Amino acid sequence: MSVSSRLLMGMNRWFPLPVHPFNLANNGEMSYTEWQFQKGDQTIQFFLPFHSQEQMFRDKTVLDIGCGGGGKTCYYATYGPKKMIGIDIVPHYSEEGNAFAKEKGLGDVVSFMTADAARMDFADNTFDTIIMNDAMEHVSEPEKTLEECFRVLKPGGHLYINFPPYYHPYGAHLSDAIGIPWVHALFPEQALIDAYKQLVRDLPDGSDRISFRFSTRPDGSETISYINRMTIKRFRRIQQGVTQPVVYQKEIPLRGQLAGLAKLPGLREFFVKMVVCVYQKR
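Here the structure is a predicted model, which is why all the values come from computation and not from measurement.

### Some points on the overall build of the chain
Helix and strand content of the chain: twelve helices and nine strands. Computed over the C-alpha atoms, the radius of gyration of the chain is 19 Å, within 12% of the 19 Å expected from 2.2 N^0.38 for a compact globule of 282 residues. Overall size of the chain, expressed as C-alpha extent along the three principal axes, is 55 × 45 × 40 Å. Of the contacts formed within the chain by residues at least 6 apart in sequence, a portion of 70% connects residues at least 24 apart. Of the roughly 13200 Å² of accessible surface on the chain, a fraction of 53% belongs to carbon and sulfur atoms. When the 31 basic and 31 acidic side-chain charges of the chain are each reduced to a single mean position, those positions are 6 Å apart.

In C-alpha coordinates:
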(Lines give C-alpha, C1' and ligand atoms only; values in the text may rest on other atoms or scores of the structure.)
Protein backbone atom coordinates (compact mmCIF):
# COMPACT_ATOMS: atom_id res chain seq x y z
CA MET A 1 0.00 0.00 0.00
CA SER A 2 1.32 3.43 -0.93
CA VAL A 3 2.18 6.23 1.47
CA SER A 4 -0.89 8.15 0.25
CA SER A 5 -3.16 5.16 0.97
CA ARG A 6 -1.76 4.72 4.47
CA LEU A 7 -2.14 8.44 5.18
CA LEU A 8 -5.74 8.34 3.93
CA MET A 9 -6.59 5.39 6.18
CA GLY A 10 -4.98 7.09 9.15
CA MET A 11 -6.99 10.28 8.57
CA ASN A 12 -10.17 8.30 8.03
CA ARG A 13 -10.19 7.16 11.66
CA TRP A 14 -10.97 10.74 12.70
CA PHE A 15 -14.05 11.13 10.50
CA PRO A 16 -17.38 9.42 11.28
CA LEU A 17 -19.07 7.84 8.30
CA PRO A 18 -22.24 9.46 6.98
CA VAL A 19 -25.34 7.28 7.20
CA HIS A 20 -25.19 4.92 4.23
CA PRO A 21 -27.78 2.33 3.13
CA PHE A 22 -25.18 -0.40 2.53
CA ASN A 23 -24.07 -0.15 6.15
CA LEU A 24 -27.65 -0.01 7.44
CA ALA A 25 -28.36 -3.21 5.53
CA ASN A 26 -25.25 -4.93 6.87
CA ASN A 27 -26.26 -3.98 10.41
CA GLY A 28 -29.73 -5.41 9.90
CA GLU A 29 -31.37 -2.02 10.43
CA MET A 30 -32.96 -1.44 7.02
CA SER A 31 -32.69 -2.76 3.47
CA TYR A 32 -31.28 -0.54 0.74
CA THR A 33 -34.67 -0.50 -1.00
CA GLU A 34 -36.57 0.47 2.14
CA TRP A 35 -34.04 3.24 2.78
CA GLN A 36 -34.70 4.53 -0.74
CA PHE A 37 -38.45 4.46 -0.12
CA GLN A 38 -38.04 6.54 3.02
CA LYS A 39 -35.81 9.03 1.20
CA GLY A 40 -38.19 9.48 -1.73
CA ASP A 41 -39.75 12.61 -0.28
CA GLN A 42 -36.35 14.31 -0.07
CA THR A 43 -35.89 13.78 -3.81
CA ILE A 44 -39.20 15.42 -4.63
CA GLN A 45 -38.37 18.47 -2.50
CA PHE A 46 -35.85 19.67 -5.09
CA PHE A 47 -38.62 20.04 -7.68
CA LEU A 48 -41.47 21.38 -5.53
CA PRO A 49 -40.70 25.05 -6.24
CA PHE A 50 -41.59 24.22 -9.86
CA HIS A 51 -44.12 21.35 -9.75
CA SER A 52 -46.09 19.55 -7.07
CA GLN A 53 -45.96 15.78 -6.66
CA GLU A 54 -49.35 15.53 -8.35
CA GLN A 55 -48.17 17.52 -11.35
CA MET A 56 -45.17 15.24 -11.67
CA PHE A 57 -46.91 11.89 -11.27
CA ARG A 58 -50.72 11.90 -11.08
CA ASP A 59 -52.18 9.87 -13.99
CA LYS A 60 -48.82 10.01 -15.78
CA THR A 61 -46.75 7.32 -17.49
CA VAL A 62 -43.42 7.65 -15.69
CA LEU A 63 -39.86 6.43 -16.25
CA ASP A 64 -37.34 6.41 -13.39
CA ILE A 65 -33.76 6.17 -14.71
CA GLY A 66 -31.06 4.77 -12.43
CA CYS A 67 -33.65 3.50 -9.97
CA GLY A 68 -31.32 1.25 -7.94
CA GLY A 69 -33.33 -1.09 -5.76
CA GLY A 70 -36.56 0.69 -6.69
CA GLY A 71 -37.51 2.17 -3.33
CA LYS A 72 -37.77 5.75 -4.58
CA THR A 73 -39.67 4.58 -7.64
CA CYS A 74 -42.23 2.95 -5.38
CA TYR A 75 -42.45 6.13 -3.31
CA TYR A 76 -43.20 8.17 -6.45
CA ALA A 77 -45.91 5.62 -7.28
CA THR A 78 -47.85 6.56 -4.13
CA TYR A 79 -48.85 9.75 -5.99
CA GLY A 80 -51.08 7.90 -8.44
CA PRO A 81 -49.29 7.46 -11.75
CA LYS A 82 -50.98 5.49 -14.50
CA LYS A 83 -47.84 3.40 -15.01
CA MET A 84 -44.29 3.61 -13.71
CA ILE A 85 -41.18 1.81 -14.95
CA GLY A 86 -37.81 1.84 -13.22
CA ILE A 87 -34.61 0.94 -15.06
CA ASP A 88 -31.07 0.36 -13.86
CA ILE A 89 -28.00 -1.17 -15.46
CA VAL A 90 -27.32 -3.42 -12.42
CA PRO A 91 -29.13 -6.72 -13.14
CA HIS A 92 -30.22 -7.77 -9.65
CA TYR A 93 -32.01 -4.47 -8.96
CA SER A 94 -34.93 -5.35 -11.23
CA GLU A 95 -35.72 -8.46 -9.20
CA GLU A 96 -35.40 -6.55 -5.91
CA GLY A 97 -37.56 -3.71 -7.21
CA ASN A 98 -40.36 -5.95 -8.48
CA ALA A 99 -40.44 -7.83 -5.16
CA PHE A 100 -40.54 -4.56 -3.22
CA ALA A 101 -43.36 -3.18 -5.39
CA LYS A 102 -45.47 -6.25 -4.63
CA GLU A 103 -44.66 -5.91 -0.93
CA LYS A 104 -45.94 -2.31 -0.99
CA GLY A 105 -49.07 -3.26 -2.94
CA LEU A 106 -47.86 -1.42 -6.03
CA GLY A 107 -47.17 -4.37 -8.32
CA ASP A 108 -49.97 -3.43 -10.73
CA VAL A 109 -48.54 0.05 -11.28
CA VAL A 110 -44.76 -0.30 -10.93
CA SER A 111 -42.37 -2.60 -12.79
CA PHE A 112 -38.60 -2.79 -13.09
CA MET A 113 -36.18 -3.92 -15.77
CA THR A 114 -32.47 -3.99 -16.50
CA ALA A 115 -31.62 -1.44 -19.18
CA ASP A 116 -28.99 1.04 -20.35
CA ALA A 117 -30.41 4.56 -20.34
CA ALA A 118 -28.35 5.42 -23.43
CA ARG A 119 -30.03 2.61 -25.42
CA MET A 120 -33.61 2.23 -24.22
CA ASP A 121 -35.99 -0.25 -25.80
CA PHE A 122 -39.03 2.03 -25.61
CA ALA A 123 -41.01 3.54 -28.46
CA ASP A 124 -40.80 7.26 -29.22
CA ASN A 125 -43.10 9.50 -27.16
CA THR A 126 -43.87 6.89 -24.48
CA PHE A 127 -43.55 8.78 -21.17
CA ASP A 128 -45.17 11.87 -19.69
CA THR A 129 -42.53 12.16 -16.97
CA ILE A 130 -38.92 11.02 -16.73
CA ILE A 131 -36.99 11.41 -13.48
CA MET A 132 -33.23 11.07 -13.09
CA ASN A 133 -32.51 11.29 -9.37
CA ASP A 134 -28.80 10.88 -8.55
CA ALA A 135 -28.26 9.29 -11.97
CA MET A 136 -26.59 11.92 -14.15
CA GLU A 137 -23.29 11.45 -12.29
CA HIS A 138 -23.35 7.71 -13.03
CA VAL A 139 -24.37 7.26 -16.68
CA SER A 140 -21.43 6.44 -18.94
CA GLU A 141 -22.81 8.40 -21.92
CA PRO A 142 -24.64 11.45 -20.55
CA GLU A 143 -25.17 13.16 -23.92
CA LYS A 144 -26.61 10.00 -25.46
CA THR A 145 -28.74 9.41 -22.36
CA LEU A 146 -30.31 12.86 -22.69
CA GLU A 147 -30.99 12.23 -26.38
CA GLU A 148 -32.75 9.00 -25.48
CA CYS A 149 -34.77 10.72 -22.76
CA PHE A 150 -36.13 13.26 -25.21
CA ARG A 151 -36.83 10.54 -27.76
CA VAL A 152 -39.03 8.53 -25.39
CA LEU A 153 -40.57 11.60 -23.69
CA LYS A 154 -43.93 12.77 -25.03
CA PRO A 155 -44.23 16.32 -26.41
CA GLY A 156 -45.10 18.55 -23.45
CA GLY A 157 -43.62 16.02 -21.02
CA HIS A 158 -41.00 16.86 -18.40
CA LEU A 159 -37.55 15.49 -17.63
CA TYR A 160 -36.53 16.02 -13.98
CA ILE A 161 -32.80 15.87 -13.20
CA ASN A 162 -30.96 16.27 -9.92
CA PHE A 163 -27.46 15.17 -9.01
CA PRO A 164 -24.60 16.02 -6.62
CA PRO A 165 -21.65 17.44 -8.60
CA TYR A 166 -18.35 15.57 -8.53
CA TYR A 167 -16.64 17.90 -6.03
CA HIS A 168 -19.47 17.58 -3.52
CA PRO A 169 -17.85 16.55 -0.19
CA TYR A 170 -18.79 12.92 -0.88
CA GLY A 171 -18.86 13.12 -4.66
CA ALA A 172 -16.50 10.14 -5.02
CA HIS A 173 -19.35 7.93 -3.75
CA LEU A 174 -17.08 6.08 -1.33
CA SER A 175 -18.66 7.38 1.88
CA ASP A 176 -19.85 3.93 2.95
CA ALA A 177 -16.22 3.35 4.01
CA ILE A 178 -14.38 6.70 3.74
CA GLY A 179 -15.77 9.56 5.81
CA ILE A 180 -13.26 12.26 4.86
CA PRO A 181 -15.09 15.07 3.03
CA TRP A 182 -13.59 16.07 -0.34
CA VAL A 183 -11.24 13.08 -0.08
CA HIS A 184 -11.13 12.76 -3.89
CA ALA A 185 -9.78 16.31 -4.13
CA LEU A 186 -7.03 15.51 -1.61
CA PHE A 187 -5.73 12.10 -2.68
CA PRO A 188 -4.94 10.39 -6.01
CA GLU A 189 -7.45 7.93 -7.41
CA GLN A 190 -5.35 4.84 -6.76
CA ALA A 191 -4.98 5.78 -3.08
CA LEU A 192 -8.78 6.00 -2.83
CA ILE A 193 -9.17 2.59 -4.45
CA ASP A 194 -6.51 0.89 -2.32
CA ALA A 195 -7.85 2.35 0.92
CA TYR A 196 -11.46 1.53 0.08
CA LYS A 197 -10.60 -2.08 -0.74
CA GLN A 198 -8.76 -2.42 2.55
CA LEU A 199 -11.63 -0.93 4.53
CA VAL A 200 -14.39 -3.12 3.07
CA ARG A 201 -12.55 -6.37 2.41
CA ASP A 202 -13.85 -8.13 5.54
CA LEU A 203 -17.46 -6.96 5.20
CA PRO A 204 -20.10 -9.54 4.17
CA ASP A 205 -20.72 -7.62 0.95
CA GLY A 206 -17.16 -6.33 0.56
CA SER A 207 -16.43 -8.05 -2.75
CA ASP A 208 -19.75 -6.82 -4.17
CA ARG A 209 -18.97 -3.24 -3.19
CA ILE A 210 -15.55 -3.42 -4.84
CA SER A 211 -16.78 -4.91 -8.11
CA PHE A 212 -19.67 -2.43 -8.13
CA ARG A 213 -17.38 0.63 -7.95
CA PHE A 214 -14.13 -0.18 -9.70
CA SER A 215 -12.97 -1.54 -13.04
CA THR A 216 -9.70 -2.04 -14.91
CA ARG A 217 -8.61 0.08 -17.86
CA PRO A 218 -7.07 -1.50 -20.99
CA ASP A 219 -3.60 -0.60 -19.69
CA GLY A 220 -4.23 -2.56 -16.48
CA SER A 221 -4.69 0.42 -14.15
CA GLU A 222 -7.76 0.69 -11.93
CA THR A 223 -10.42 3.38 -12.00
CA ILE A 224 -13.55 4.36 -10.10
CA SER A 225 -16.02 3.48 -12.84
CA TYR A 226 -19.20 3.87 -10.76
CA ILE A 227 -19.15 7.63 -11.42
CA ASN A 228 -18.46 9.76 -14.49
CA ARG A 229 -17.02 12.77 -12.60
CA MET A 230 -19.91 15.04 -13.59
CA THR A 231 -19.01 18.56 -12.53
CA ILE A 232 -21.28 21.58 -12.78
CA LYS A 233 -19.04 22.95 -15.53
CA ARG A 234 -19.29 19.73 -17.55
CA PHE A 235 -23.08 19.56 -17.16
CA ARG A 236 -23.49 23.18 -18.30
CA ARG A 237 -21.35 22.36 -21.35
CA ILE A 238 -23.54 19.35 -22.14
CA GLN A 239 -26.63 21.52 -21.78
CA GLN A 240 -25.41 23.76 -24.60
CA GLY A 241 -26.04 20.89 -27.00
CA VAL A 242 -29.61 20.27 -25.80
CA THR A 243 -32.25 21.79 -28.07
CA GLN A 244 -35.18 21.34 -25.67
CA PRO A 245 -35.93 24.22 -23.28
CA VAL A 246 -34.94 24.32 -19.62
CA VAL A 247 -38.02 25.42 -17.68
CA TYR A 248 -36.49 25.32 -14.19
CA GLN A 249 -33.01 25.01 -12.75
CA LYS A 250 -31.26 25.73 -9.51
CA GLU A 251 -28.02 25.01 -7.65
CA ILE A 252 -28.61 24.10 -3.99
CA PRO A 253 -25.75 25.00 -1.59
CA LEU A 254 -24.46 22.56 1.02
CA ARG A 255 -25.87 24.80 3.77
CA GLY A 256 -27.81 28.02 3.73
CA GLN A 257 -24.93 29.88 5.37
CA LEU A 258 -22.61 28.67 2.58
CA ALA A 259 -24.77 30.04 -0.23
CA GLY A 260 -22.27 32.81 -0.93
CA LEU A 261 -19.40 30.36 -1.37
CA ALA A 262 -21.56 28.25 -3.68
CA LYS A 263 -21.75 31.19 -6.08
CA LEU A 264 -18.03 31.95 -6.29
CA PRO A 265 -16.38 30.62 -9.48
CA GLY A 266 -13.40 29.08 -7.68
CA LEU A 267 -15.43 27.43 -4.91
CA ARG A 268 -18.78 26.73 -6.53
CA GLU A 269 -18.00 23.11 -7.44
CA PHE A 270 -17.09 22.34 -3.82
CA PHE A 271 -20.05 23.98 -2.07
CA VAL A 272 -23.04 23.05 -4.25
CA LYS A 273 -24.96 20.11 -2.80
CA MET A 274 -27.33 19.49 -5.70
CA VAL A 275 -27.75 20.59 -9.30
CA VAL A 276 -31.46 20.66 -10.21
CA CYS A 277 -32.82 20.96 -13.74
CA VAL A 278 -36.20 20.45 -15.42
CA TYR A 279 -36.64 20.21 -19.19
CA GLN A 280 -39.91 20.25 -21.12
CA LYS A 281 -40.05 18.61 -24.54
CA ARG A 282 -41.44 20.84 -27.26
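### Notes on the layout of surface pockets
Approximately 360 Å³ is the volume found for the second largest pocket. Lining the second largest pocket we find 14 residues, and of these F22, H92, Y93, D205 and D208 sit closest to its centre. Counting residues per element, the ones that place at least two in the lining of the second largest pocket are α2 (21–26), α3 (32–45), α6 (92–103) and α10 (206–213). With four residues, the top contributor of residues to the lining of the second largest pocket is α10. Considering only residue class, the lining of the second largest pocket consists of six nonpolar, four polar and four charged.

### As for the packing of helix α1 (residues 3–12) against helix α9 (residues 189–200)
Two elements in contact, α1 and α9, have axes separated by 8 Å at closest approach and are oriented at 55°. Of the possible angle classes, the one that applies to α1 and α9 is oblique. α1 and α9 meet at a crossing whose hand is right-handed. Contacts from S4, S5, L8, M9 and N12 in α1 reach Q190, A191, L192, D194, A195, Q198 and L199 in α9. Of the residues assigned to the contact of α1 with α9, the class counts are six nonpolar, five polar and one charged.

### Re the packing of aromatic side chains
The full count for this structure, using the stated rule, is 17 aromatic pairs. Ring centres of F150 and Y279 lie 5.4 Å apart, and the angle between their planes is 85°; this geometry places the pair in the edge-to-face category. You can see F150 sitting in helix α7 (residues 142–152) and its partner Y279 sitting in strand β9 (residues 272–280), a full 129 residues away along the chain. Each member of the pair, F150 as well as Y279, carries the same accessibility label: buried. Aromatic ring contacts, followed pair by pair, group F22, Y32, Y93, F212 and Y226 into a single cluster. The lysine or arginine in question, K104, covers the ring of F37, its NZ or CZ lying 4.4 Å from the ring centre. The aromatic ring of Y226 is capped on one face by R213, whose charged end is 5.4 Å from the ring centroid.

Scoring rules and cut-offs
Residues numbered from 1 in each chain as written. Predicted model: local features only at pLDDT ≥ 70, side-chain atom pairs only at ≥ 80, totals over all residues. Heavy atoms only, no water. Helix = DSSP H or I, 4+ residues; strand = E, 2+ residues; numbered from the N terminus. Rg over C-alpha atoms; globule rule 2.2 N^0.38 Å. Contact = heavy atoms within 4.5 Å. Areas by Shrake-Rupley, 256 points an atom, 1.4 Å probe, with all protein chains shown as cover. Lys, Arg positive; Asp, Glu negative; His and termini not counted. Charge placed at Lys NZ, Arg CZ, Asp CG, Glu CD. 1 Å grid on protein atoms, 1.4 Å probe; cavity = no way out; pocket = protein on both sides within 12 Å on 5 of 7 lines; lining within 4 Å. Points joined across faces, edges and corners; volume = space filled by probe spheres on them. Nonpolar A, V, L, I, M, F, W, Y, C, P; charged D, E, K, R; others polar. Axes fitted to C-alpha atoms, helices over the stretch in contact; angles between N-to-C directions. Parallel < 35°, antiparallel > 145°, perpendicular 65-115°, else oblique. Left-handed = near helix turned anticlockwise from the far one by under 90°. Phe/Tyr/Trp six-rings, centres within 6.5 Å; stacked < 30°, edge-to-face > 60°. Buried < 20%, exposed > 50% of the residue type's maximum accessible area, 1.4 Å probe, protein only. Lys NZ or Arg CZ within 6 Å of the ring centre and 35° of its normal.

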